[in-house]
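Read off the chains here:
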Amino acid sequence: MLLAIDVGNTNSKFAVHDGTKWRGTWRAASNSSRTADEYAVWLDAAMRFAGLSINDLNHCVISTVVPQALFHLRNLSRRYVGAEPWVVGENAELGIDVRIPKPSEAGADRLVNAIGSFIQYGGPCIVIDSGTATTFDIVGADGAFEGGVISPGINLSLQALHTAAARLPRIEIRKPDKVIGIDTVGAMQSGVFWGYIELIDGLIDRIKAEYGVPMKVIATGGVASLFEGASTHIDHYDQDLTTVGLLEIFERNGGRSANRNPT
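Parameters and conventions
Residues numbered from 1 in each chain as written. Predicted model: local features only at pLDDT ≥ 70, side-chain atom pairs only at ≥ 80, totals over all residues. Heavy atoms only, no water. Helix = DSSP H or I, 4+ residues; strand = E, 2+ residues; numbered from the N terminus. Rg over C-alpha atoms; globule rule 2.2 N^0.38 Å. Buried < 20%, exposed > 50% of the residue type's maximum accessible area, 1.4 Å probe, protein only. Contact = heavy atoms within 4.5 Å. Areas by Shrake-Rupley, 256 points an atom, 1.4 Å probe, with all protein chains shown as cover. Lys, Arg positive; Asp, Glu negative; His and termini not counted. Charge placed at Lys NZ, Arg CZ, Asp CG, Glu CD. Core = buried A, V, L, I, M, F, W, Y, C linked by side-chain atoms within 4.5 Å. Pairing = 2+ DSSP bridges. Axes fitted to C-alpha atoms, helices over the stretch in contact; angles between N-to-C directions. Expected span 1.5 Å × (residues − 1).

Undergrad: Help me understand the overall build of the chain, please; the structure alone is not making it clear to me.
TA: Scanning the chain for helices and strands turns up six helices and ten strands. Taking 2.2 N^0.38 as the reference for a compact globule, 263 residues should give roughly 18 Å; the C-alpha atoms of the chain span a radius of gyration of 19 Å, in line with that estimate. Along the first, second and third principal axes, the C-alpha atoms of the chain reach 60 × 40 × 35 Å. Counting over 263 residues, the chain shows a buried share of 48%. Of the contacts formed within the chain by residues at least 6 apart in sequence, a portion of 56% connects residues at least 24 apart. As displayed, the chain offers around 12900 Å² of accessible surface, 50% of which is attributable to carbon and sulfur atoms. Treating the 23 positive side-chain charges of the chain as one cloud and the 29 negative ones as another, the clouds have centres 4 Å apart.

As structure tokens, this is what we get:
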């Protein structure tokens, strides 16, 4: 029974695979100070809704873009899963080429998504992950990670508007009925929402033109579903890319627990 953990800057995702299928997926706000014991209490309670217990777990794979969280997550795996975890960027072999000058600069989440998208859809493709940042990552025909684009996430843009402009309120993200707003909230929602649609479709056009061959486009991440039906360039919406990638990494490393570092 595998516990797959993906920690983003805003949210963390925990998923359990029994060797045949995914048994459950749960999200929590990312908090680098949450201890292994706190994770265990929360996770065990969540798993019980799916008829599972934390005691059922015996393997763990972790991807995190929050280095401070790794200490507690590693302890969670050691104490409560009873296994040394595979950690993307440390002891886990990914099995893909990272074709950029400094491979260490590629975030763990971007590499895991590249693997998940290639397993699900093949390549070449563009993976759009909408989270704290919105990333556009290029996956080659052979599954290699070939770079991409990083832009501010839609929530970050809303926060910046509210924080930097004294008279602009905090608003919800939603698709406005009209492009032209007739009040402040409507104007902000239109600017952010349709501005992001143009950002997405415009960058896809530029990436495809530069790459020079047909590419599939896959969207994932916390707010990706918001763009469904609005973007004309996205082929697939898939919230499970990261967990698929983590499962594949686990299997590429023998489908077993990692060896504990002697230190």
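Undergrad: Explain the nonpolar core to me, please; I cannot follow it from the model alone.
TA: Side chains that are nonpolar tend, in soluble globular proteins, to be buried together. Counting 25 residues, the largest nonpolar core has Leu-3, Ile-5, Leu-73 and Leu-76 as its most contacted members. For this core, the elements supplying multiple residues, two or more each, are strand E1 (2-7), strand E2 (11-17), helix H1 (36-48), strand E4 (59-64) and helix H2 (67-81). The dominant element in this core, judged by the number of residues it contributes, is H1, at six residues. If we ignore the near neighbours within four places in the chain, the residues touching Leu-76 are Leu-3, Ile-5, Phe-14, Ala-36, Tyr-39, Ala-40, Ile-54 and Val-81.

Undergrad: Just to check I follow, could you spell out the side chain of Glu-248 for this structure?
TA: Position of Glu-248 relative to the elements: it lies in helix H6 (residues 241-252). Not counting chain neighbours up to four residues away, the residues in contact with Glu-248 comprise Ile-115 and Ile-119.

Undergrad: I'm lost on the sheet that holds strand E5 (residues 86-87) in this one. Help?
TA: In sheet architecture, strand pairing relies on hydrogen bonds along the backbone and comes in two forms, parallel and antiparallel. The strand order E3-E2-E1-E4-E5 describes an open sheet built from five strands, whose pairing is mixed. Here the strands that pair on one side only, and so sit at the sheet edges, are strand E3 (22-29) and E5. In terms of strand pairing, E4 meets E5 through two bridges, oriented parallel. Looking at E5, one finds that Val-61 is bridged to Trp-86. On the sheet, H2 packs against E1, E2, E4 and E5 and is oriented at approximately 175° with respect to E4.

Undergrad: Which parts of the structure should I look at to understand helix H5 (residues 184-211)?
TA: Because the α-helix completes a turn every 3.6 residues, residues three or four places apart line up on one side. The first and last C-alpha atoms of H5 sit 40 Å apart over 28 residues, in line with the 40 Å expected at 1.5 Å per residue. Just downstream of H5, Gly-212 is the residue with a positive phi angle, here 90°.

Any functional reading would require information beyond the geometric quantities listed.
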